[in-house]
Amino acid sequence: MDDLSKELQDYLIRLGKDEKSVGEKLAGYTRQLINILYSSDARILEEYYGLFGNEPQSLDQLSARYKTTPDIMEKGIEACLRKIAVSPEWQQIKPMTKLRAIKLK
């Protein structure tokens, strides 16, 4: 996974653990950001990271549900992260995620 995707992944993990930690406005922007993906891919990210009220699901759980292997599921998630990470939309909201993180410390 490249650095851009890793930054996004770190943010999604934080959002999934505690949506309030990023704020309502930023969570809304993130929901719109994820919607640049196909709906099935967006759903998988929401389930994997536990976003927007979903419980986090493991690669094994997701691969069983979508009838694929954990390796293919992981590669698909990484491809989705990369697609979002290079988008102009993520580049616009990424600075807000870092400012929010500084305020939490």
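Residues numbered from 1 in each chain as written. Predicted model: local features only at pLDDT ≥ 70, side-chain atom pairs only at ≥ 80, totals over all residues. Heavy atoms only, no water.

(A) A look at the pattern of salt bridges. Within this structure, the stated rule accounts for seven salt bridges. Between Lys6 and Asp10 there is a salt bridge; the shortest N-O distance is 2.7 Å. Here Lys6 and its partner Asp10 are both found in helix H1 (residues 3-17), four residues apart, which amounts to about one turn of the helix. Here Lys6 falls in the partly exposed class, since its relative accessible area comes to 39%. (Salt bridge = Lys/Arg side-chain N within 4 Å of Asp/Glu carboxyl O. Helix = DSSP H or I, 4+ residues; strand = E, 2+ residues; numbered from the N terminus. Buried < 20%, exposed > 50% of the residue type's maximum accessible area, 1.4 Å probe, protein only.)

(B) Summary view of helix H2 (residues 24-34). What H2 keeps buried is the set Leu26, Ala27, Thr30, Leu33 and Ile34. Mapping the buried residues of H2 onto a view down its axis gives an arc of 115 degrees, with all of them on the same face. Among the exposed residues of H2, those pointing more than 90 degrees away from its buried face are Glu24, Lys25 and Gln32. (Arc of directions from axis to C-beta.)

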